[in-house]
Amino acid sequence: HASKKYTCVKSGKKLVWNKGVKISVAKPVVTPKPSASATPTPTPTPTPTPTGYTMQQVATNNKASSCWTVINGWVYNLTNFIDSHYGGAGAITMLCGIDGSALFNAQHLNDTSVAQDLATFRIGIKK
């Protein structure tokens, strides 16, 4: 209490509290934070082209390690979304490399929150 430590001591046949001994409180050690240069390198994303992407380009990205799809005329890179999809990874991997408009619309037509989430993965337009 109040930076002092009190102990019970025997004085004759009685136990009494001593007057207290001042204790020093250890100061916390501050651990340095990593510098900004130690941040991991982000996964590169394709640079959108003004003319868009062909179905041939989309088709070459047809696996979980590089998953592009076309939905309603837009090209999306869903690679980083595969493991986060609420319906499971299989629902996304089946869209890799193809025009997935029909499959997407059958499940999510008129769902604006899904459309907003999907927009974050848009990389360009289909040529």
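Every value quoted in this text rests on a predicted model; they were computed, and no experiment measured them. (Residues numbered from 1 in each chain as written. Predicted model: local features only at pLDDT ≥ 70, side-chain atom pairs only at ≥ 80, totals over all residues. Heavy atoms only, no water.)

A. View of the overall build of the protein chain. When helices and strands are tallied, the protein chain shows 4 helices and 8 strands. Helices (α) and strands (β) of the protein chain occur, in sequence order from the N terminus, as β-β-β-β-α-β-β-β-α-α-α-β. Of all intrachain contacts in the protein chain linking residues separated by at least 6 positions in sequence, the fraction that spans at least 24 positions is 51%. Carbon and sulfur atoms provide 59% of the accessible area of the protein chain, an area that totals close to 9600 Å². (Helix = DSSP H or I, 4+ residues; strand = E, 2+ residues; numbered from the N terminus. Contact = heavy atoms within 4.5 Å. Areas by Shrake-Rupley, 256 points an atom, 1.4 Å probe, with all protein chains shown as cover.)

B. Quick look at the sheet that holds strand β8 (residues 122–125). Pairing in this open sheet of 4 strands is antiparallel, and the strands run β5-β6-β7-β8 from one edge to the other. Whereas interior strands pair on both sides, the edge strands pair on one side only; in this sheet they are β5 (62–63) and β8. Bridge count between strand β6 (residues 66–71) and strand β7 (residues 74–77): 4 bridges; the pairing is antiparallel. Bridging from a neighbouring strand, W68 pairs with N77 of β7. (Pairing = 2+ DSSP bridges.)

C. Fine view of the environment of N61. Within the secondary structure, N61 sits in the loop between α1 (55–59) and β5. Since its relative accessible area comes to 11%, N61 is described here as buried. Here the alpha-carbon distance between N61 and I98, two residues 37 residues apart in the chain, equals 8.9 Å. (Buried < 20%, exposed > 50% of the residue type's maximum accessible area, 1.4 Å probe, protein only.)

D. Examining the side chain of N61 more closely. A polar contact of 3.3 Å, which involves the side chain of N61, links it to the side chain of T60. Sequence-distant contacts of N61, defined by excluding residues within four places in its chain, comprise S66, C67, W68, C96 and G97. (Polar contact = N/O pair within 3.5 Å; in protein donor to acceptor, adjacent residues only side chain to side chain.)

E. Focus on a nonpolar patch on the surface. Judged by side-chain polarity, M94, I98 and L103 come together as a nonpolar surface patch covering roughly 260 Å² of accessible area. Tracing the sequence through the fold places I98 in the loop between α2 (89–93) and α3 (101–108). Here I98 falls in the partly exposed class, since its relative accessible area comes to 33%. (Patch = residues over 30% accessible without salt bridge, like charges linked within 9 Å, V, L, I, M, F, W, Y side chains within 5 Å. Salt bridge = Lys/Arg side-chain N within 4 Å of Asp/Glu carboxyl O.)

F. Expanded view of the pairing of β6. Along β6, 5 of the 6 residues are buried, which leaves the element largely enclosed by surrounding structure. For β5 and β6, the ladder comprises 2 bridges, and the chain directions are antiparallel. Along β6, the bridge assignment pairs N62 with C67. Hairpin geometry of β5 and β6 is characterised by an intervening segment of 2 residues between the two adjacent antiparallel strands. Here β6 folds back onto β7 in antiparallel fashion, the turn holding 2 residues, of which N72 has a positive phi close to 50°.

G. A look at the nonpolar core. In this structure, C67, I71, Y76, L78, I82, I92, L95, C96, F104, V114 and L118 together form the largest nonpolar core, which totals 11 residues. Broken down by secondary-structure element, the contributors of at least two residues to this core are β6 and α4 (112–119). If near-sequence neighbours (up to four positions away) are discounted, C96 is found in contact with N61, N62, K63, C67 and W68. By size, the runner-up hydrophobic cluster in this structure holds 6 residues, among which are Y53, W68, V75 and I123. (Core = buried A, V, L, I, M, F, W, Y, C linked by side-chain atoms within 4.5 Å.)

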